[in-house]
Amino acid sequence: MLSVAFEQKICPPEQLAERLGALPRPLVFTNGCFDILHRGHVTYLAQARSLGAGMIVALNTDASVRRQGKGDDRPINALAQRAAVIAALESVSLVTWFDADTPYELILAARPDILVKGGDWAIDRIVGGQEVMGWGGSVHSIPFLHQTSTTRTLEKIRSGTD
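Here's what I pulled together on the structure shown here. Please read all numbers here as calculations on a predicted model, not as lab measurements.

**Quick notes on the pattern of salt bridges**
Thinking step 1. Under the criterion given, the structure shown has 4 salt bridges.
Thinking step 2. Across the pair Arg25 and Asp113 runs a salt bridge whose closest N-O atoms are separated by 3.1 Å. Here Arg25 is found in the loop between helix 1 (16-20) and strand 1 (27-32), whereas its partner Asp113 is found in the loop between helix 5 (104-110) and strand 4 (114-118), with 88 residues between them in sequence.
Thinking step 3. Note that Asp62 and Arg82 form a salt bridge whose closest N and O atoms lie 2.7 Å from each other. With Asp62 in helix 3 (residues 62-67) and Arg82 in helix 4 (residues 79-87), the pair connects residues that are 20 residues apart, well separated along the chain.
Thinking step 4. Residue classification places Arg82 among the buried positions, given a relative accessible area of 1%.

Given below as structure tokens:
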């Protein structure tokens, strides 16, 4: 199978430790499902990346997405597909994934300088936030600029409305 350059950004979690040294600092870490990529996602990721020199995006595995209660048919796109799409974004330095309900262990392993989540997360509720601040990093909750969501997109598709 033909490999595309951006696919080199895809990093299995067990290889994260050996790949961290090549990432520029300050390092941003964010996570999510990123199931059907939309304008809100790409704007958020660009804003998160602007806070540092490099960025890791950790994706929920398919099983982890299902446990979030987003619907029986979610994720629409399997992990390998979501990872490739996220890796293709200029703002992303590395893509990895986690099967737990939270990326806590990956955050501890990556030791990012900056931890970021979307505006629906209060800073004091962001998993790993206390640890990142404890080693001198910062935690940010970025307000949404575009009121889009995968759930709403799927509702529109299913109902046949605009």
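Once the structure has been displayed, the description carries forward.
**With respect to the sheet that holds strand 5 (residues 138-142)**
Thinking step 1. The strand order across the open sheet built from 5 strands is 3-2-1-4-5, with neighbouring strands paired in parallel fashion. With one partner strand each, in any of the chains shown, strand 3 (94-98) and strand 5 form the two edges of the open sheet. Going from strand to strand, the sheet's axes swing by 25° on average, the running direction of each strand aside.
Thinking step 2. Inspection of the sheet shows strand 4 paired to strand 5 by 5 bridges, in the parallel sense. Within the sheet, the bridge partner assigned to Lys117 lies in strand 5 and is Ser141.
Thinking step 3. Along the sheet face, helix 4 touches strand 2 (54-60) and strand 3 and points at about 160° away from the line of strand 2.

Rules behind the numbers
- Residues numbered from 1 in each chain as written.
- Predicted model: local features only at pLDDT ≥ 70, side-chain atom pairs only at ≥ 80, totals over all residues.
- Heavy atoms only, no water.
- Salt bridge = Lys/Arg side-chain N within 4 Å of Asp/Glu carboxyl O.
- Helix = DSSP H or I, 4+ residues; strand = E, 2+ residues; numbered from the N terminus.
- Buried < 20%, exposed > 50% of the residue type's maximum accessible area, 1.4 Å probe, protein only.
- Pairing = 2+ DSSP bridges.
- Axes fitted to C-alpha atoms, helices over the stretch in contact; angles between N-to-C directions.
- Contact = heavy atoms within 4.5 Å.

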